[in-house]
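Listed below, chain by chain, are the residues.
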Amino acid sequence: MTAFSKLHAQNHKITELSNVFLYLVQSREMCDTETACDVFFEYTAKVKEHIELVDRELCGRLISYPDQTVKNTADRFLSGSTEIKRIFHKYLKDWCNESNRRLTIRNHAEFLGETEQMFALVLDRIQRETEHLYPLLRKLEEKVAA
């Protein structure tokens, strides 16, 4: 299984980047800076990497576990990942030019609102992983070790 320390480090980095970016973009002038764009694109890369890791390494293994409750938990997280990826893709399409690593903000208030919602969705997912998925995995690992 993936080391929990790696997952926690990813969660911490995503949370940090989220907080910094949300602070920066409160001011419209900061949205077009190279620094804000760097933080934003590092954030998006870390979120994508984390979701893929959780889906592949954790949920991918749990889905084949014999216990139906465990399978259901994995399935809920995989379904949640699919929905987050869909919303995240639309958000990126609406607000940035990924190939040029630029934000494309037409309406700052709307951008700020959608950004806060998107980032809250990701942070909620991380919290649910920490409170539900990781403890389940630790419990299963303890059973195997016993």
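Anyway, here's the lowdown on the structure attached to this text. For clarity, every value in this text was computed on a predicted model and none was experimentally measured.

### A closer look at the pattern of salt bridges
For the coordinates displayed, the defined rule picks out 14 salt bridges. Residue glutamate 83 pairs with arginine 86 through a salt bridge whose shortest N-O separation is 2.5 Å. Of this pair, glutamate 83 and arginine 86 both sit in helix H3 (residues 68-95), three residues apart, roughly one helical turn. What makes arginine 86 partly exposed here is its relative accessible area of 48%.

### Structural notes on the nonpolar core
Within the largest apolar cluster, 29 residues are counted, with the highest numbers of intra-cluster contacts made by Phe21, Phe40, Tyr43, Tyr91, Leu103, Phe111 and Phe119. Only helix H1 (4-24), helix H2 (34-62), H3 and helix H4 (108-145) provide two or more residues apiece to this core. Counting residues per element, this core draws most heavily on H2, which supplies eight residues. Not counting residues up to four positions away in its chain, the partners in contact with leucine 103 are Phe21, Cys31, Cys37, Phe40, Trp95, Cys96 and Phe111. One finds Leu7, Leu133, Tyr134 and Leu140 within the second-largest nonpolar core, a separate group that totals 15 residues.

### Some thoughts on the packing of H2 against H3
Relative to each other, H2 and H3 sit at 160 degrees, their axes nearing to 10 Å. It follows that H2 is roughly antiparallel to H3 by the angle criterion. Relative to H3, the crossing made by H2 is left-handed. For the pair H2 and H3, the contacting residues are Phe40, Tyr43, Thr44, Val47, Lys48, Ile51, Glu52, Asp55, Cys59 and Leu62 in the first and Val70, Lys71, Ala74, Phe77, Leu78, Ser81, Ile84, Lys85, Phe88, Tyr91 and Leu92 in the second. Of the residues that constitute the contact of H2 with H3, the class distribution is 14 nonpolar, two polar and five charged.

### Overview of H1
Here H1 is 21 residues long and its end C-alpha atoms lie 30 Å apart, about the 30 Å a rise of 1.5 Å per residue gives. Taken together, the buried positions of H1 are occupied by Phe4, Leu7, Gln10, Asn11, Ile14, Leu17, Ser18, Phe21, Leu22 and Leu24. Buried residues belonging to H1 abut H2, strand S2 (102-103) and H4.

### Notes on the environment of leucine 121
Note that leucine 121 resides in helix H4. Judged by its relative accessible area of 27%, leucine 121 falls in the partly exposed class. Remark: the alpha-carbon pair of leucine 121 and tyrosine 65, spanning 56 residues in sequence, is separated by 28 Å. Those residues in contact with leucine 121 that lie beyond four places of it in its chain are Ile84 and Ile87.

Conventions and cut-offs
Residues numbered from 1 in each chain as written. Predicted model: local features only at pLDDT ≥ 70, side-chain atom pairs only at ≥ 80, totals over all residues. Heavy atoms only, no water. Salt bridge = Lys/Arg side-chain N within 4 Å of Asp/Glu carboxyl O. Helix = DSSP H or I, 4+ residues; strand = E, 2+ residues; numbered from the N terminus. Buried < 20%, exposed > 50% of the residue type's maximum accessible area, 1.4 Å probe, protein only. Core = buried A, V, L, I, M, F, W, Y, C linked by side-chain atoms within 4.5 Å. Contact = heavy atoms within 4.5 Å. Axes fitted to C-alpha atoms, helices over the stretch in contact; angles between N-to-C directions. Parallel < 35°, antiparallel > 145°, perpendicular 65-115°, else oblique. Left-handed = near helix turned anticlockwise from the far one by under 90°. Nonpolar A, V, L, I, M, F, W, Y, C, P; charged D, E, K, R; others polar. Expected span 1.5 Å × (residues − 1).

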